[in-house]
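# Inside the fold
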Amino acid sequence: EDQVTQSPEALRLQEGESSSLNCSYTVSGLRGLFWYRQDPGKGPEFLFTLYSAGEEKEKERLKATLTKKESFLHITAPKPEDSATYLCAVAFTGGSYIPTFGRGTSLIVHP
Amino acid sequence: GAVVSQHPSWVICKSGTSVKIECRSLDFQATTMFWYRQFPKQSLMLMATSNEGSKATYEQGVEKDKFLINHASLTLSTLTVTSAHPEDSSFYICSILPGRAVNEQFFGPGTRLTVL
């Protein structure tokens, strides 16, 4: 059973159409939750770290939020250059300090 | 954020040959580096943790004799895929943990390996 689940697997939006990506985790004891952006053929680029429920982080059109069991990455008025795969990773207090990655959400923003 | 480089960015080799991939931390001294493998439309799978001056720690199911890791300095780790076969074709990515925040990783640009 996956400890970190991302949904949807793929998402197509029109430019300006806001939406949210979800990352849910099943293990208790969160050490930290991380969001990354990955462009095709490139390594992941760090976006945000969230540590506790209620925490929010923002960067340009992206806003990450965290509850006790899931995180959302909100994309406001997306542009075509926001097209990428967004990866979520979670580090748990009871396990390895190395985060576990979800499968990612592939986002395509059409002009 | 921290800057990590990898070399080469892509490599094509014949089956049975060995390939070396370098990972460099350009602005941090990294006592620990990580090697990941990513297949198309899949997430990152941790292969091993590279420790400066000591043996690497491999994840379950990863053959340590096939994927040789050497972490000779605080800025360089190498991954050698020995006797490569087509099923080893993948995207290999390294990362570092600079230690400025809990578990915040910075990744290299990746190396695309194609074994013919």
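Refer to the structure above for everything that follows.
Residues numbered from 1 in each chain as written. Chains lettered and ligands numbered in written order. Predicted model: local features only at pLDDT ≥ 70, side-chain atom pairs only at ≥ 80, totals over all residues. Heavy atoms only, no water.

Looking now at the overall build of chain A. Secondary structure assignment for chain A yields zero helices and 11 strands. Sequence-ordered secondary structure for chain A, helices as α and strands as β, is β-β-β-β-β-β-β-β-β-β-β. Expected size for 111 residues packed as a compact globule is a radius of gyration near 13 Å; at 13 Å, chain A falls within 12% of this value. Dimensions of chain A along its principal axes, counting C-alpha atoms only, are 45 × 30 × 20 Å. Counting over 111 residues, chain A shows a buried share of 44%. Taking the contacts inside chain A whose residues are at least 6 apart along the sequence as the reference set, 56% of them involve residues at least 24 apart. In the form shown here, chain A has an accessible surface area of approximately 5400 Å², with 49% of it arising from carbon and sulfur atoms. (Helix = DSSP H or I, 4+ residues; strand = E, 2+ residues; numbered from the N terminus. Rg over C-alpha atoms; globule rule 2.2 N^0.38 Å. Buried < 20%, exposed > 50% of the residue type's maximum accessible area, 1.4 Å probe, protein only. Contact = heavy atoms within 4.5 Å. Areas by Shrake-Rupley, 256 points an atom, 1.4 Å probe, with all protein chains shown as cover.)

All names here are of chain A. Following the criterion strictly, the structure yields six salt bridges over all chains and no others. Across the pair glutamate 55 and lysine 57 runs a salt bridge, and its minimum N-O distance is 3.6 Å. Since its relative accessible area comes to 29%, lysine 57 is described here as partly exposed. (Salt bridge = Lys/Arg side-chain N within 4 Å of Asp/Glu carboxyl O.)

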